[in-house]
Amino acid sequence: MKIRLIYIIIILLISCDRKLDHHLDHTEGVSAALASYRKNQVSNVKYNLYFKIPLIREDSIGSKLIMELSIHDKSQPLLLDFKSNRENPPLSIVNGKKVPIQYKKEHLIIPSEHLLIGNNKIEIDFTAGEMSLNRNKHYLYTLLVPDRARTLFPCFDQPDIKSTYVLNLSAPKDWEVLSSSPLESTKNTDDFVEFRFKESDKMSTYLFSFVAGEFDIENTFDSNFKMALYHQEKDSLKIQLSTPKIFNLHQQSIDYLEKYTEYDFPFQKLDYAAIFSHPYGGMEHTGAIQYQQSSLFLDNSATRNQELRRAKLIAHETSHMWFGNLVTMKWFNDVWLKEVFANFMADKIVNPQFQSINHDLSFFVDHYPSAYSIDRSKGANPIRQGLDNLNNAGSLYGSIIYHKAPIMMRQLETILGKENFQKGIVEYIKTYANDNADWNDLINILDKNTNIDLKEWSNVWVNSPGRPVITSEVLYNESNKIESFVLEQQPEYTSQNIWPQVFEISLVYKDSVHPIRVNLKEQENQIKAAEGLERPDIILYNSNGLGYGVFPITNEALELVPTIEDEIARAAIYQNCHENVLLRNLTVEKAFKVYQEGIKREKNELILSLLCSQASHLFWTYFSEQDRQGMQNEITNLLFTRLESDEESSIKKTLFNLYISFGYTGIAKDKLYKIWSKELVIPNLNLNQDDFTKLAMRLALYDHPETSEILNVARASIKDSNKIERFDFLMPSLSVEAKIRNDFFRSFTKKENREKENWVLSACYYIHHPLRQQTTAESLNLSLELIEEIQKTGDIFFPKNWLNNTIGMYTSSEAYTILTKFLEENPNLNPQLRLKILQATDDLWRINQ
């Protein structure tokens, strides 16, 4: 009996072992199960990395890893994540012995019998993966978020195994190298320089990086914190004007964050690289932030809004040093947590630096339109999403994370109070410094200082998609006073959610404004504070811009909106006008008239930019070509009248960008040509060389008869070799011949032709612009068929932006048929990609249903 029992136990153990082994061995990517197991299996990981960058770009990069780590469980083999097209590494040594390592489904498998409980040392020679190296002729940079470290070197590519790194990198002798830790030494050998960096701070794999190439370096020694800026900018005026501001903005961000979090800057250094072809505005690599060059370097033609965006970008990436890098999410389903804090803190940081700007207005304009653009669609997703495997993590990124989440966080701060909220953040940083935390960990801390059920509140705001549609019923008595004021909220789509939130309603009288604070808790809410008040001339809903959803709008508010003094209330009305148009509560024609009147009179640059965006959206999406032709003269004449008037330069630049969008025929196009050729100079309209290049491309899109000459002159005027390369890349997308444009688009089926993703997106915009759509509809099937490959091979924002600039630009019934057929024929499409498609084609659905 005992023998039989032992036999059964052995069989069960073998079965469990096989089951676990199957779970760990046979799943591509990094599954949640594998990550959970390895978190308990290993600790104290240190990567010693060696890369040799060759002189010739096409040559492979010989590499070596020496990994030191502690192992606590050897019941299973050790799995290192490595996604490579190469065969097994030619040499591997485990604890001093040569060991054959099996490469299987994106993992290197080290058998358990070669491992030790306690300290281990693993040496692997390998060829660096190319996928995330972003190699160019004169530079390269790594971009490893969210799960791309494994495409470069063997590692534990999960955020909750924080490790240190020692980088040794050999590069051509005229190259500079930037990495996460300070440089320790250099050594010249023939045509190369060997850079050795000190051991880094602890960080997750997605935060490790290096930049190598022909960069110029600016240093600051006049701030509290010594920083270096690596850049490729060639415009001396931009360098002169921007460099001091870049350093100052980083220092001011550090100062604010240290004070707010009560935690000193947590890493050895803070340097940054401005890269010409970078696909993001910025990426928060520990100690070595990467920026898109055009986001940092501005000249005297920049608008105040551009300067504000640069400041917020710098504050955002610096905030990540605390929120994301110091305290990191446990799993990428909480990637939004680091992003919401970075955006939320950025809005706080820039306030003292731009005292002339209404920052509540800036918050509204920055976040609400972008959040609504997703939350109103059939593809709306919650802030916090599920994630079973890191190879799907890139699809979690989007406007809900970056824009709805800060709105949610501001509501949370409002109901807790700013002091209690900050106390919670201080405790959160202190508790989880150099560690990992999730949303529930933060909620448990914040929950100590409130009687509100934050878990239930979070379930609606964080774990559910969508927004409320709010309606009102106001009854007046015989004395013309408010007898009853009821607000009712309903989900825009099918759900049972009730969004608890705080905002204001303003009752506008001839000589006064009476604001009423509304605390919306139920589906139906009696506004007791309004009862007994005189009948107002106008009721402004969400007048402080704090509320989230679609609010009632009245004809009186629309007619008088330009005269309303409160800037946030004006912006809220314009945005609510847009939302009501899309819900068909208001006609497109009426809304466009409202925008025209606003554009004629608006003096606030932030509100004007909002108006211009909305007007352009309606013009190119919701009007027919016949309608556009009939409207164009009126709107371009209005814009040009303001351009010729005595306006500040920022306002003129904003108006001019809209004029470019509308001026595609007739007199307006002629004026654009005269401005480009400098025959017509508008006083106080500051245009730089980049502006003239963009204008030349727009004239080509508009089929100006002198297109060939315009493009030749434009190219000859460019001095920066990187910009010439981009210009040449885009030329086929501007061709007058449909075949050339369509052949160029089809070339994007090859991954190597999509490497410069921002360039590809610009090309797609020109190819699929409404003026070109009669000859490009045949490409729509291809744009959809490529989306899965693009998600696998592209960076995190590329799939959605690809869709935005292809099928997302169409409104025709033909495009709608192609879309619906594709979705019907692909029922097993990745659910996140399906949502992205529905988000990008929201206008197409609305127009054709």
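Note that this is a predicted model, so its numbers are computed, not measured.

A short note on the nonpolar core
Of all hydrophobic cores here, the largest spans 257 residues; its most connected members are F51, F153, Y428 and W802. Every residue in contact with F51, bar those within four places of it in the chain, is listed here: I61, G62, S63, F126, A128, L152, F153, L167, N168, L169, S170 and F210. If you look at the next biggest cluster of nonpolar residues, it comprises 19 residues, including L507, I516, I527 and L546.

With respect to the pattern of salt bridges
Tallied over the full model, the rule gives 45 salt bridges. Of the charged contacts in the structure, one is a salt bridge between E427 and K448, with a shortest N-O distance of 2.6 Å. In this pair, E427 sits in helix α9 (residues 418–432) while K448 sits in the loop between α10 (439–446) and α11 (454–461), placing the two residues 21 residues apart along the sequence. Assessed through its relative accessible area of 55%, K448 is described here as exposed.

Here's the deal with the sheet that holds strand β18 (residues 282–283)
Reading across from one edge, β15-β16-β17-β19-β18 is the order of the five strands in this open sheet, with mixed pairing throughout. This sheet does not close on itself; its edge strands, each paired only once, are β15 (216–220) and β18. For strand β17 (residues 271–275) and strand β19 (residues 288–292), the ladder comprises five bridges, and the chain directions are parallel. Bridge assignment links D271 to a residue of β19, and that residue is A288. Against the sheet, helix α3 (residues 236–261) touches β15, β16 (227–231), β17 and β19, its axis set at about 135 degrees to β16.

Quick word on the pairing of strand β1 (residues 42–52)
With nine bridges joining them, β1 and strand β2 (residues 62–71) adopt antiparallel strand pairing. Looking at β2, one finds that K46 is bridged to E68. Bridge count for β1 against strand β10 (residues 164–172) is seven bridges, and the pairing is parallel. For L49, the partnering residue across the bridge sits in β10 and is L167.

Re unusual backbone geometry
For the bond from V145 to P146, the omega torsion is -5 degrees, close enough to zero to count as cis. Here E106, not a glycine, exhibits a phi torsion of approximately 70 degrees, which is positive. With respect to the helices and strands, E106 occurs in the loop between β6 (102–104) and β7 (107–110). Although it is not a glycine, D190 sits at a positive phi angle of roughly 55 degrees. As for its position among the elements, D190 is in the loop between β12 (183–189) and β13 (192–197).

What about the packing of aromatic side chains?
Inspection of the entire model under this criterion finds 57 aromatic pairs. Taken together, the ring pairs connect Y47, F51, F82, Y103, F126, F153, Y165, F208 and F210 into an aromatic cluster. Stacked on the ring of F640, the Lys or Arg K671 has its end atom at 3.9 Å from the ring centre. Just above the ring of F692 sits the side chain of K678; from NZ or CZ to the centre is 3.9 Å.

What about the confidence of the model for the protein?
Residues of the protein with pLDDT of at least 70 account for 96%, and the chain-wide mean is 93. Considering only residues more than four positions removed or in separate chains, one finds that residues 1–23, a stretch of pLDDT under 50, has eight contacts.

Regarding the environment of S180
You can see S180 is positioned in the loop between β11 (176–179) and β12. Each C-alpha atom of the pair S180 and T286 lies 5.5 Å from the other, and the pair is 106 residues apart in sequence. Dropping the residues within four chain positions of it, S180 is found in contact with M203, L207, F208, S209, K269, T286, G287 and A288.

Re the sheet that holds strand β14 (residues 210–213)
Either a parallel or an antiparallel arrangement is found when strands of a sheet pair, and the pairing is made through backbone hydrogen bonds. Strand order in this open sheet of three strands is β9-β14-β11, and the pairing throughout is antiparallel. Either end of the sheet is taken by a strand with one partner, and the two such strands are β9 (139–141) and β11. Pairwise comparison of adjacent strand axes, ignoring direction, gives a mean angle of 5 degrees for this sheet. For β11 and β14, the ladder comprises four bridges, and the chain directions are antiparallel. When the bridges of β14 are listed, V177 appears paired with A212.

Criteria and thresholds
- Residues numbered from 1 in each chain as written.
- Predicted model: local features only at pLDDT ≥ 70, side-chain atom pairs only at ≥ 80, totals over all residues.
- Heavy atoms only, no water.
- Core = buried A, V, L, I, M, F, W, Y, C linked by side-chain atoms within 4.5 Å.
- Buried < 20%, exposed > 50% of the residue type's maximum accessible area, 1.4 Å probe, protein only.
- Contact = heavy atoms within 4.5 Å.
- Salt bridge = Lys/Arg side-chain N within 4 Å of Asp/Glu carboxyl O.
- Helix = DSSP H or I, 4+ residues; strand = E, 2+ residues; numbered from the N terminus.
- Pairing = 2+ DSSP bridges.
- Axes fitted to C-alpha atoms, helices over the stretch in contact; angles between N-to-C directions.
- Phe/Tyr/Trp six-rings, centres within 6.5 Å; stacked < 30°, edge-to-face > 60°.
- Lys NZ or Arg CZ within 6 Å of the ring centre and 35° of its normal.
- pLDDT = per-residue confidence, 0-100.

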